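Survey of secondary and tertiary structure
Single-letter residue listing:
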Amino acid sequence: MEWHSLLKRQIKKYFPDGIPQGYNQEFIKAVHEAYIGFDQDRGILERSLDLSSQELFQANTDMRAVFRAFPDLFFRVDHDGVILDHKVGGSADLFRPGEKLLGKKIQNIPDGNAGVLFQQAIDQVRKTQSTASIEYDVVVGGKKQFYEARFLPLSGAKIIIIIRNITERKNAEQALMVSEERYSIAVKGSNDGLWDWDLKSKQIYFSPQWKSLLGYSDAEIGTTPDEWYSRIHLEDRDIFSSKMDEHVGGAEPFFKCEYRMLHKDGRYLWMKAQGVALRDPEGFAYRIAGSQTDVTDRKIVEEQLLHNAFHDSLTGLPSRLLFMNRLRQSMEHSKGRSSEGMAVMFIDLDRFKLINDGLGHGMGDQLLIEVAKRLKACVRSSDTIARIGGDEFTVLMEHVKDSTTVSHLVGRIEEGLRAPFNLEGQEIYIAASIGVAMGSSDYDKPEDLMRDADTAMYRAKSSGGTFEIYDIHMHARVVSLLKSESELRRAVENQEFRIYYQPIIMLTTGRVVGFEALLRWQHGVRGLVAPAEIIPLAEETGLIIPIGNWVLKNACKDMVRWQKQFPNSPLELNVNMSYKQILQGDVLVSQIHDALNETKIPPHTLALEITESGIMENQEGVIRMIQSLRKLNIQIAIDDFGVGYSSLNYLHRLPIDKLKVDKSFLVNPGSSNETESVLKAIIALAHNLNIPVVAEGIEVMEQLSLLKELQCEFGQGYYFAGPMPAEAVAAFIQSNQSFHEVIK
């Protein structure tokens, strides 16, 4: 019988010499049959296992494919951390290529302190049979890489470890943290309050700074829109709502608005809010967020700048710009009104420049401030008064029915300016020249109305009056004046002037003692123009300065020639000085010094004539100037004396050499006892002060007789001779060295 192969090996092993006799053959046969049965059962099992192994292999293959698709690293380790299996792929940043990892402890592989973290995580999983995770970093190629490792318990004292590179996430988190810190610092360091409005829930988040701007703590303001709207100034709510609606509705890309908000302490502060809405795919806004800033200080500065632009900084009155804007509006409104019109008044202070130059600009500014106060008190509440420059003021009069309304206002202004101004203890009197232009449909531009009011003012000033209403003829006169000014400037450039000389006679002997130099203009068309037309225009334009210097030098040259020609007749020269020349101070002293040196005229034979009105403008300043001029050893004479009676009060203070009495005291002698009495008083006072007197305007014998009776020393006038050109002076002196017979 052929035994089972396994049974044969066992028999051979245990019975090498064969089965002993008497051994239980039946038992051996049973074993043989059992092995056969086992073989049959094993065949069935092996076929079954073979099929399961194939399915398991396929499943394992699919799982490995899935694992390979993940970037993560997988390790299976035991509780000691020994690597039993792994999936690392090409992770060259963690493991060297080809490195054998099986059998190594995973906690010994990472650099730095990561191994400690691995060990701690493995111990935790082993003890708690729960998951654990760690984060660690590794420097690769000089750059830090971040990893996350997760530890999961398995049956059979095994642990699965999944490692993932989280460098990008860490960098993003770091950048976000820096950004959030920067944003937090910026918000804390700024004056902005933040707000975030959920339009669906109708709730608004207000940041603590937003609330702090209004003086509230974080808990004192809620989250409803009313917390915002109710604090906005009533006048600003509509514009705020309008701008918010425009942006939410999509009409404007951004929301921006400036408005006033009520502070907790009761003040209104200017706020600037701006924001932008978030919209759904259909374009509807569901959220809007932005900031709010306190711009009160900026608004105050802007309002001050705006006020300064429209108001005079000295007087606080409206400026020219604001006045012209109101005038333009008034002209537009008046076109639709038939019963009432409007008018413009132009006011110019008389002699203000003399006061300003003589007393100083500080005193002049004080005077302007006081004048502005009085003018404001004179005008009606509906009128607009402005200072448009220097000493010029304008008044816009509305609701004007006729010229009577204007006349009443002019009367109030004249009355208001009549009382003296007391500035630093000194009384100052001021008057004004006023021009008015009545508004009408003929005017299209406010500038034209202003021009005509200005023209009327100059007409009032030149005529000696105080008030003029513009008429069409004034324009022609202004054009003529402008033409004359242009011609006068050309005359200065071309030296078209001539000097005429009028003799001064000693009344006791009839002898010629000197000449007064008188200016003439040799006009190319009009012929010889008298001083009355030259001097006012020259004064106004400032041309009197170069003209006066020209007269001084040329008259000195002429007199030196005559003094040499007639050495036995000690002739003196009188030259008129404009008040504007006197105001030059040291400049005038230098000009006279140069004239003396250049012409070699004996200083004591030169007399400068200063008008009494010029002295009255600034007594102290003129006295100081006269004292400076006297140091040059020249003479000083007061011209036109007696026009202002107050001159008698200060005559004794003036260091002068001659007194020239105004010709108005010699008109029709004997016809006015009062005039004759004043003349006597002037001459007597001058004699008491040892000041010789020169009478001007002697034309008839009766005037001469009166002056001789009053013991007046000198005189001049047409009774002796009129002004003559320089060419005639020598012949006049030669043939008329004495008026002795006439005097007798």
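Below or above, wherever it landed, is the structure these notes cover. For every chain, the first residue of its written sequence is number 1, and the numbers climb from 1 along that sequence. Predicted model: local features are reported for residues with pLDDT of at least 70 only, side-chain atom pairs are reported and counted for 80 or more only, and whole-chain, interface and lining totals are derived from all residues. Each side-chain value is derived from all of the structure's non-hydrogen atoms; neither hydrogens nor water enter the calculation.

A closer look at the pairing of strand 23 (residues 635-641)
The buried label goes to any residue with under 20% of its type's maximum accessible area, the exposed label to any with over 50%, and the partly exposed label to all in between, with areas taken from a 1.4 Å probe on protein chains only. Secondary structure elements follow DSSP: runs of H or I no shorter than four residues count as helices, runs of E no shorter than two count as strands, and numbering proceeds from the N terminus. Burial analysis of strand 23 places six of its seven residues in the buried class, the great majority of the element. Bridging between strand 22 (residues 606-611) and strand 23 involves five bridges; their strand directions are parallel. What sits directly across from Thr-611, in strand 23, is Asp-639. Two strands are said to pair when DSSP picks up at least two bridges between them. Note: strand 23 against strand 24 (residues 658-661), three bridges, orientation parallel. The partner of Ile-638 across the bridge, within strand 24, is Leu-659.

Regarding helix 23 (residues 726-735)
Taken residue by residue, helix 23 has Ala-726, Val-729, Ala-730, Phe-732 and Ile-733 as its buried positions. Mapping the buried residues of helix 23 onto a view down its axis gives an arc of 165 degrees, with all of them on the same face. In helix 23, the exposed positions that point more than 90 degrees away from the buried face belong to Glu-727, Gln-734 and Ser-735. Two residues form a contact once any of their heavy atoms are found within 4.5 Å. Structurally, helix 23 contributes buried residues whose contacts are with strand 18 (497-506), strand 19 (512-523), helix 16 (544-565) and strand 27 (724-725). This arc corresponds to the set of directions leading from the helix axis out to the C-beta atoms.

Let's talk about the sheet that holds strand 2 (residues 83-87)
Spatially, five strands are ordered 2-1-5-4-3 in an open sheet, and the strand pairing comes out antiparallel. Among the strands making up the open sheet, the edge pair consists of strand 2 and strand 3 (132-140). For this sheet the average axis-to-axis angle between neighbouring strands, irrespective of direction, equals 20 degrees. Here strand 4 (residues 143-154) pairs with strand 5 (residues 158-165) via eight bridges, running antiparallel. The residue bridging Tyr-147 from the neighbouring strand is Asn-165, located in strand 5. The strands that helix 3 (residues 114-128) touches are strand 3, strand 4 and strand 5; relative to strand 3, the one it contacts most, it runs at about 165 degrees. Throughout, an axis means a line fitted to C-alpha atoms (over the contacting stretch in the case of helices), and angles, computed between N-to-C directions, take values from 0 to 180 degrees.

Quick word on the pattern of salt bridges
Opposite charge on two side chains permits them to pair, given that their charged atoms come into close proximity. By convention in these notes, a salt bridge is any Lys or Arg side-chain nitrogen within 4 Å of a carboxyl oxygen on Asp or Glu. Going through the model one piece at a time under the given rule, you end up with 31 salt bridges. Between Arg-231 and Glu-227 there is a salt bridge, with its nearest N and O atoms 2.9 Å apart. Among the residues examined, Arg-231 registers a relative accessible area of 12% and is labelled buried. Between Asp-350 and Lys-461 there is a salt bridge; the shortest N-O distance is 2.6 Å. Residue Asp-350 is located in the loop between strand 11 (341-349) and helix 10 (352-359), and its partner Lys-461 is located in helix 13 (residues 446-463); the two are separated by 111 residues in the primary sequence. A residue is classified by how much of its surface remains accessible, and Asp-350, at 18% relative accessible area, is buried. Accessibility expressed as a relative area gives 31% for Lys-461, which makes it partly exposed. Because the salt bridges share partners, they merge into one network encompassing Glu-258, Arg-298, Lys-299 and Glu-302.

Concerning the packing of aromatic side chains
Ring pairs shown here join Phe, Tyr and Trp side chains whose ring centres sit within 6.5 Å, with only the six-membered ring taken for Trp; geometry is labelled stacked below 30 degrees between planes, edge-to-face above 60, and tilted in between. A complete count under the given rule lists 20 aromatic pairs for this structure. With centroids separated by 4.8 Å and ring planes inclined at 85 degrees, the aromatic side chains of Tyr-501 and Trp-562 adopt a geometry described as edge-to-face. One end of the pair, Tyr-501, is in strand 18; the other, Trp-562, is in helix 16, and 61 residues separate them in sequence. For Tyr-501, a relative accessible area of 0% corresponds to the buried category. Note on Trp-562: relative accessible area 1%, which makes it buried. When the centroid spacing of 5.3 Å and the interplanar angle of 80 degrees are considered together, the rings of Tyr-719 and Phe-720 count as edge-to-face. Site record: aromatic cluster; members linked through ring pairs are Trp-195, Trp-197, Phe-206, Trp-210, Trp-228, Tyr-229, Phe-240, Phe-255 and Tyr-259. Lysine NZ or arginine CZ positioned within 6 Å of the ring centre and within 35 degrees of the ring normal marks a charge as sitting over the ring. The lysine or arginine in question, Arg-231, covers the ring of Tyr-216, its NZ or CZ lying 4.6 Å from the ring centre. We note Arg-520 situated over the ring of Tyr-500; from NZ or CZ to the ring centre the distance is 5.5 Å.

Section: the side chain of Gln-502
Take Gln-502: it is sitting in strand 18. Side-chain atoms alone can form a polar contact between residues adjacent in sequence; in general such a contact is a pair of N or O atoms within 3.5 Å, and within protein one must be able to donate a hydrogen while the other accepts it. A polar contact is formed between the side chain of Gln-502 and the side chain of Gln-716, at a distance of 3.1 Å.

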